[in-house]
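Observations on chain architecture
Chain by chain, the residues run as shown.
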Amino acid sequence: MGVIEPGTPAPAFRLAREDGESFTERDLAGRGTVFVFYPFAFSPVCTDQLELYEGVLDELAGQGVKLYGVSCDSIWAQKAFREKLGVSSEQLSDFEPKGAACAAFGVLHPGGFAQRALIVLGRDGVVRFSYEAPSPGELPGVELVREGVAALGEGARV
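Residues numbered from 1 in each chain as written. Predicted model: local features only at pLDDT ≥ 70, side-chain atom pairs only at ≥ 80, totals over all residues. Heavy atoms only, no water.

If you look at the biggest cluster of nonpolar residues, it comprises 22 residues, and the most contacted ones within it are Phe-13, Phe-23, Phe-35, Phe-37, Phe-105, Val-107 and Ile-119. Broken down by secondary-structure element, the contributors of at least two residues to this core are strand E3 (32–37), strand E4 (65–71), helix H4 (100–104) and strand E6 (117–121). Core analysis: the next-biggest nonpolar cluster, separate from the first, contains 18 residues, Val-34, Val-56, Leu-118 and Val-149 among them. (Core = buried A, V, L, I, M, F, W, Y, C linked by side-chain atoms within 4.5 Å. Buried < 20%, exposed > 50% of the residue type's maximum accessible area, 1.4 Å probe, protein only. Helix = DSSP H or I, 4+ residues; strand = E, 2+ residues; numbered from the N terminus.)

Another point: the packing of aromatic side chains. As enumerated under the stated definition, the model contains 12 aromatic pairs in all. Ring centres of Phe-13 and Phe-35 lie 5.8 Å apart, and the angle between their planes is 85°; on these two criteria the pair is classed as edge-to-face. Residue Phe-13 is located in the segment before strand E1 (14–16), and its partner Phe-35 is located in strand E3; the two are separated by 22 residues in the primary sequence. The same class applies to Phe-13 and to Phe-35, which are both buried. Ring centres 5.7 Å apart and planes at 75° place the aromatic pair Phe-35 and Phe-105 in the edge-to-face group. Taken together, the residues Phe-35 in strand E3 and Phe-105 in the loop between H4 and E6 connect sequence positions 70 residues apart. One aromatic cluster is present, built from ring pairs that chain together Phe-13, Phe-23, Phe-35, Phe-37, Tyr-68 and Phe-105. (Phe/Tyr/Trp six-rings, centres within 6.5 Å; stacked < 30°, edge-to-face > 60°.)

This part covers unusual backbone geometry. Residue Pro-97 is reached from Glu-96 by a cis peptide bond, and omega for that bond is -5°. Relative to the helices and strands, Pro-97 resides in the loop between strand E5 (90–93) and H4. Although it is not a glycine, Phe-42 adopts a positive phi angle of roughly 75°. Take Phe-42: it is sitting in the loop between E3 and helix H1 (44–54).

Below, the structure written as structure tokens:
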């Protein structure tokens, strides 16, 4: 299948916030969104990735864009991971049913975890940019986040 293509409306999905509340496509309305799909909380590359992206959160917020981390880990693992790293980006869980949202976005690895990917959605809920790393061990640099945000066009400044 492969990662969802730009120009495609976001699929219906349900993720869980660390308090167990649902996060769905309705929560995206009115702002640009960067979804950072990553394989496993506490793994070395995932740790590096979220720490790297923490450095651009203010830049993104100034452009009306919010970044969320997404993995198939449980809400408790996600919360512990965020707290241990000291990052402020909200981490969303695709644990129940495991991998359903990842599959909807075309980033469910055959091993049953999230493939490392970036998906940028416009204020209208349409995918404007998508990138899937060639392997789960490859960290997409911050320049790819900026490229994705630039694809939002007028709605965001880069």
